[in-house]
Amino acid sequence: MSYDTFYFALFLAATWAAFVLLPWRGYVLLLASIGFYAVAGLRDSLLAAAVILVNYGFQFAIMRDRRWLYGALVLNIGCLAYFKYRVFLETAAGLDVFAQHLIIPLGISFYIFQLTAFLIDLSRGRAKPFYSLPRFALFKLFFGQLVAGPIMRWRQFGPQIHRLFDGTLPQRRLLGIALGLCLVGLIKKVVFADALAPFVETIFHNGPASAAAAWLGIFLFSSQVYFDFSGYSDIALGLGYLFGLRLAVNFRQPFAALTPQDFWRRWHITLSYWIRDYLFTPLARLKRSRRWADFALVVAMALAGLWHGANWTFIVWGVGWALAILLWHMADRHLARLGVGQWVLTFGIWLVLLAFFRSSDVGAALRYIATMFGGGGAGTAPLPDDGWGGALIALGCAGLLALHWSEGYLHTRRTILLMRRFDGLLLRALFAGLALWLLLLPKVQDNPFIYFRF
Amino acid sequence: MVRKLSRAVAAILVGAMLAVLGTEAFFRIVDATPLRWVLPLPQVAMYGPDFATGYRHRPNISGMWLTEHRNFIRTSNLGLRDRDRPLAHGAGPRAVIVGNSIIEAVQVRESQTGPAVAEAILARERPGAEVVNLGLSGARPAVDVARLESQGLALSPDIAVVVLDVEDFATPATLDDREFTGYRPDANGVFHLSYGFRNSSGYRFRTSSAGRLFYWLLDHSEVVRIVNARKNVGIFAELSPAAAAEQGSTRCSADSLDPYTALFIKGEPADMRGVLDAFVRDLAAIQHDKKLPIIVATRAIAAGCPSLADKRSAIVDAIRAQIEGAGLQYLDLDGRIVAAMGADNAAELYGFGANVGFGHLNVAGNRVYGEILADVIAHALPSQHQPGR
């Protein structure tokens, strides 16, 4: 079930009504979440149920003996590898251990990562076990973050789940903000991300005919993927607030980052911190040397890339980011003098590496990057040859960046206080109405959320 | 308590009204600026009711077409996907081309459609020559005949071309007259044009005063267009997204021509054979009664598939025999395209952007269609036509 559909709005309205009217709020959300995921199909649902049940059992085993964590990790990562990386392993390593053709189950990367983080936290004494299966199930299954995050930690989400089931979770105080976030997310997805999709598709499918077309294509894809995923994340936040739950923020104006490190503190924040806390830090601590830490960073970023998909392009993308971070660190003092040049360089690194994220293979990505730097475009996707068209495109791109910058004002304390001050039935009806009109508009092309496929 | 409740209701209503106004304002801004080439907006609603065919273009409607390829559309003064022109015959020869969305070509500019290209080519040799586009999305054989009879003959043409998708003879929808003209059998099993749609509640509404108000709103409000578009696709449309087009993968498959072999050679199924016979009979009658030369052009019979060459040849021969046997002229459009372009390049005439190879004719495809149609019309027209016949 996708958030940008009219039937999801009907599902949400029914769930919210039941949530408000019935006393068993935790169970209402759990049932709704099961129904939400069931639309993905029986196979995906059974797999998710099995993973949740197995992890539920593992928490008690880990409480008795920490070594059970390794078993849980093998099972979780093995499950992810089997369902997501089977074909990649086969072709990359010549393995042929699995015969069946499999489709990647919906949201598997997200729920495996969240459950794994929980078990690691539990083994470190940073989380408490869920004795109740429904509470444990809702910890992972809540439909506001089930399919594409944010990847929640126990300390952020666990206590909220308990308060929800205990009936002590405050609700309906943030409805205006909740609906406002859903509306902002829908605008990002429906108005911008989906509108950019056909242009990006054309440039990457036909290939850019010139360096300018290549830069335009990658910039538009960059905007598409940002508006798509941050739009989803805004809706997820809003859905959480609708039911009195606070989910983690996943984006903080990443295109305003001044350094590569800063970028990763702003882009897909919950995944970045997951990689840092459960991959990079344990790996870096194995040896206390600078070189080893750098090596750990490369490995962690390569795996972060691989998390996005079973393709060498994602690994190169991750390694590219690791190298960018390391090189930046080495030249930090000199680069700091660049001023706004730092932003240009960081945004440029993002755009160039994004070619790997979007291309079907490494060769295609390298050809695309070569075209960006004047290596001769072999493609057929041109820019408009009249000055007026070019000016409009430049204006549109500037508008997209301006929108990104203006988001800084949306997530401020002042805006939230203002929203709370004016929150009321009128504002809620206005936000809900605007969102409904966007959902009613039929889709010309099917553009599922990009991160659903991860 | 009552006061509190009424204030709450009023607040909700005001909020909802502001949402309507905000949505209307947003889409109007998009529609009125170059943003319309990028951002989402409701698609132009250019069809209205028609007594002869069930539906047709409404005159002088303009707006953005979004499906497959964004394009600014304006229907003509005569209610056609055509340039404005007088109903009366001009000094030069006039041809009409009847067909479905392939001829309608809403994905490209009007001047780039096949009929417009054909007109430009013909006018070079015969000043004042006109080629009128009577293409209508979704038109099947019965609609083609009814449209030629009603709107085509009103233009006093010197020649008519009916471009036909043979796939239409393989779908039971051709027998359905609930929404637009279909072929239905009489008591003796002979098929005739049938207009069941005229008794439908939808048609009665669209032709009533309330319907006229509805169309006025449709032409003047973006939110009404959204509601209308949602009604057309269905509330739960996104639950079952349309299957991706796979024409390319099945075009040359061994059994792709079997339904046509059955229909055109073996005469099966009998009801579809009856429709085919009625279609040819009706066109022949128009040709005879109105002294109007008619060319029937068939498309969507896999050309350029070496493994199917024999089967295809037999089917085309059977169609040609039936059509020419009735005194009509025949054009194997697919064969002409492959001869002009080569089998490997023919797919490039369809689709836009990343979807080249699938869908409707693109600019190049319309140009090729236009060139072929111009050639066929030029050869079929009498050398000295008599205006206003």
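### Some points on the overall build of chain B
So, point 1. On a plain count of helices and strands, chain B comes out with 14 helices and eleven strands.
So, point 2. If you line up chain B on its principal axes, its C-alpha atoms span 80 × 50 × 50 Å.
So, point 3. A buried classification covers 48% of the 389 residues belonging to chain B.
So, point 4. When contacts within chain B are restricted to residue pairs at least 6 apart in sequence, long-range pairs at least 24 apart make up 67% of them.
So, point 5. By element, 59% of the accessible surface of chain B is carried by carbon and sulfur atoms, the whole surface being about 17,500 Å².

### Concerning the overall build of chain A
So, point 1. For chain A, the helix and strand inventory stands at 20 helices and zero strands.
So, point 2. Relative to its length of 454 residues, chain A is compact, with a C-alpha radius of gyration of 23 Å against a globular reference of 22 Å.
So, point 3. The dimensions of chain A, computed from C-alpha atoms along their principal axes, are 65 × 60 × 50 Å.
So, point 4. Within chain A, contacts between residues at least 6 apart in sequence are counted, and of these 75% link residues at least 24 apart.
So, point 5. Computed over 40 positive and 21 negative side-chain charges, the separation of the two mean positions in chain A equals 13 Å.

### A few points about the pattern of salt bridges
Residues and elements named next belong to chain B.
So, point 1. A complete count under the given rule lists 32 salt bridges over all chains for this structure.
So, point 2. We note a salt bridge from Asp277 to Arg273, for which the minimum N-O separation is 3.4 Å. Placement of both Asp277 and Arg273 in helix α10 (residues 270–290) is noted, with a separation of four residues, approximately one turn of the helix.
So, point 3. Within the structure, one salt-bridge network assembled from shared partners comprises Asp82, Arg83, Arg85, Arg94, Glu119 and Glu130.

### Side note on a positive patch on the surface
All names here are of chain A.
So, point 1. A grouping of Arg66, Arg124, Arg126, Arg155, Arg285 and Arg288 is seen on the molecular surface, where their side chains present a positively charged patch.
So, point 2. Among the structural elements, Arg285 can be located in the loop between α12 (269–284) and α13 (290–308).
So, point 3. Judged by its relative accessible area of 59%, Arg285 is exposed.

### Examining the pairing of strand β8 (residues 182–185) of chain B
In the case of a regular strand, side chains alternate between the two sheet surfaces.
Residue and element names in this part refer to chain B.
So, point 1. Summarising the sheet, β8 and strand β9 (residues 191–194) pair through four bridges and their orientation is antiparallel. When the bridges of β9 are listed, Gly182 appears paired with Ser194.
So, point 2. Taken together, β8 and the strand that follows it, β9, pair antiparallel across an intervening segment of five residues, in which Gly189 is found at a positive phi of about 85°.

### A few points about the interface of chain A and chain B
So, point 1. Tallying the contact residues gives 29 residues for chain A and 35 residues for chain B.
So, point 2. Looking only at chain A, the three residues that lose the most surface to chain B are Tyr7, Trp437 and Leu441 of chain A, adding up to 25% of its buried area.
So, point 3. Seen at the junction of chain A and chain B, the total is zero salt bridges.
So, point 4. Summed over the shared surface of chain A and chain B, the result is four residue pairs in polar contact (both at pLDDT 80 or more).

### Observations regarding the pairing of strand β3 (residues 62–65) of chain B
Residue and element names in this part refer to chain B.
So, point 1. Note: β3 against strand β4 (residues 71–74), four bridges, orientation antiparallel. By the bridge assignment for β4, Met64 is matched with Phe72.
So, point 2. Counted along the chain from β3 to the antiparallel partner β4, the turn is five residues long, and its residue Glu68 has a positive phi close to 70°.

### With respect to helix α3 (residues 114–125) of chain B
Residue and element names in this part refer to chain B.
So, point 1. With twelve residues, α3 should cover 16 Å at 1.5 Å per step; its first-to-last C-alpha distance of 18 Å lies within 8% of that length.
So, point 2. What α3 keeps buried is the set Gly114, Pro115, Ala116, Val117, Ala118, Glu119 and Leu122.
So, point 3. Where α3 is buried, its residues contact β5 (94–99), α2 (101–104), β6 (130–135) and α14 (363–380).

### A closer look at the packing of aromatic side chains
Residues and elements named next belong to chain A.
So, point 1. Going through the model one piece at a time under the given rule, you end up with 67 aromatic pairs over all chains.
So, point 2. Judged by centre distance (5.7 Å) and plane angle (35°), the ring pair of Phe8 and Phe11 falls under tilted. Remark: Phe11 and Phe8 occur in helix α1 (residues 6–21); sequence separation between them is three residues, near one turn of the helix.
So, point 3. Among the residues examined, Phe8 registers a relative accessible area of 3% and is labelled buried.
So, point 4. Of the residues examined, Phe11 reaches a relative accessible area of 17% and is grouped as buried.

### Section: the confidence of the model for chain B
Residues and elements named next belong to chain B.
So, point 1. For chain B, per-residue confidence averages 90 on the pLDDT scale, and 95% of positions sit at 70 or higher.
So, point 2. Taken together, the stretch residues 243–249 has pLDDT below 50 and engages in five contacts with residues farther than four places along the chain or on a different chain.
So, point 3. Among the scores for the predicted complex, ipTM is 0.86 and pTM is 0.87.

### Comments concerning a nonpolar patch on the surface
So, point 1. A cluster of nonpolar side chains, contributed by Leu10 and Val39 of chain A together with Ile235, Phe236 and Leu239 of chain B, occupies part of the molecular surface with about 420 Å² of accessible area.
So, point 2. If you trace the backbone, Leu10 of chain A turns up in helix α1.
So, point 3. The exposure class assigned to Leu10 of chain A is partly exposed, which follows from its relative accessible area of 38%.

### Side note on unusual backbone geometry
Excluding glycine, residues mostly have negative phi values, and the peptide bonds linking residues are mostly trans.
Residue and element names in this part refer to chain B.
So, point 1. Residues Glu268 and Pro269 are joined by a peptide bond in cis, for which omega reads -10°.
So, point 2. In this structure, Asn60 is a non-glycine residue whose phi angle is positive, near 55°.
So, point 3. Turning to its location among the elements, Asn60 is positioned in the loop between β2 (54–57) and β3.
So, point 4. Given the relative accessible area of 43%, Asn60 is considered partly exposed.
So, point 5. Positive phi values are uncommon outside glycine, yet Lys291 reaches one of about 50°.
So, point 6. Relative to the helices and strands, Lys291 resides in the loop between α10 and β10 (294–299).
So, point 7. In this structure Lys291 comes out as exposed when scored by relative accessible area, which is 57%.

### Focus on the sheet that holds strand β7 (residues 159–165) of chain B
All names here are of chain B.
So, point 1. Taking strand neighbours across the sheet as the criterion, the five strands line up as β6-β5-β7-β10-β11 in an open arrangement whose pairing is parallel. Every other strand in the sheet has two partners, leaving β6 and β11 (329–332) as the edge strands with one partner each. Strand-to-strand twist across the sheet, computed as the mean angle between neighbouring axes with direction ignored, equals 20°.

### Structural notes on the nonpolar core
So, point 1. Counting 165 residues, the largest nonpolar core has Phe143 and Trp350 of chain A as its most contacted members.
So, point 2. Other than its neighbours up to four places away in sequence, Phe143 of chain A contacts Tyr3, Phe8, Phe11, Leu12, Thr15, Leu29, Ala32, Ser33, Phe36, Leu239 and Phe243 of chain A.
So, point 3. Counting residues in each nonpolar core, the second largest holds 44 residues, with Val98, Ala160, Leu263 and Ala302 of chain B among its members.

### Overview of the environment of Ala394 of chain A
Residues and elements named next belong to chain A.
So, point 1. Its place among the elements puts Ala394 in helix α18 (residues 387–410).
So, point 2. Take Ala394: its relative accessible area is 47%, and that puts it in the partly exposed class.
So, point 3. C-alpha separation for the pair Ala394 and Leu216, spaced 178 residues apart in sequence, amounts to 9.1 Å.

About the cut-offs
Residues numbered from 1 in each chain as written. Chains lettered and ligands numbered in written order. Predicted model: local features only at pLDDT ≥ 70, side-chain atom pairs only at ≥ 80, totals over all residues. Heavy atoms only, no water. Helix = DSSP H or I, 4+ residues; strand = E, 2+ residues; numbered from the N terminus. Buried < 20%, exposed > 50% of the residue type's maximum accessible area, 1.4 Å probe, protein only. Contact = heavy atoms within 4.5 Å. Areas by Shrake-Rupley, 256 points an atom, 1.4 Å probe, with all protein chains shown as cover. Rg over C-alpha atoms; globule rule 2.2 N^0.38 Å. Lys, Arg positive; Asp, Glu negative; His and termini not counted. Charge placed at Lys NZ, Arg CZ, Asp CG, Glu CD. Salt bridge = Lys/Arg side-chain N within 4 Å of Asp/Glu carboxyl O. Patch = residues over 30% accessible without salt bridge, like charges linked within 9 Å, V, L, I, M, F, W, Y side chains within 5 Å. Pairing = 2+ DSSP bridges. Buried area = accessible area lost by both parts, 1.4 Å probe. Polar contact = N/O pair within 3.5 Å; in protein donor to acceptor, adjacent residues only side chain to side chain. Expected span 1.5 Å × (residues − 1). Phe/Tyr/Trp six-rings, centres within 6.5 Å; stacked < 30°, edge-to-face > 60°. pLDDT = per-residue confidence, 0-100. Axes fitted to C-alpha atoms, helices over the stretch in contact; angles between N-to-C directions. Core = buried A, V, L, I, M, F, W, Y, C linked by side-chain atoms within 4.5 Å.

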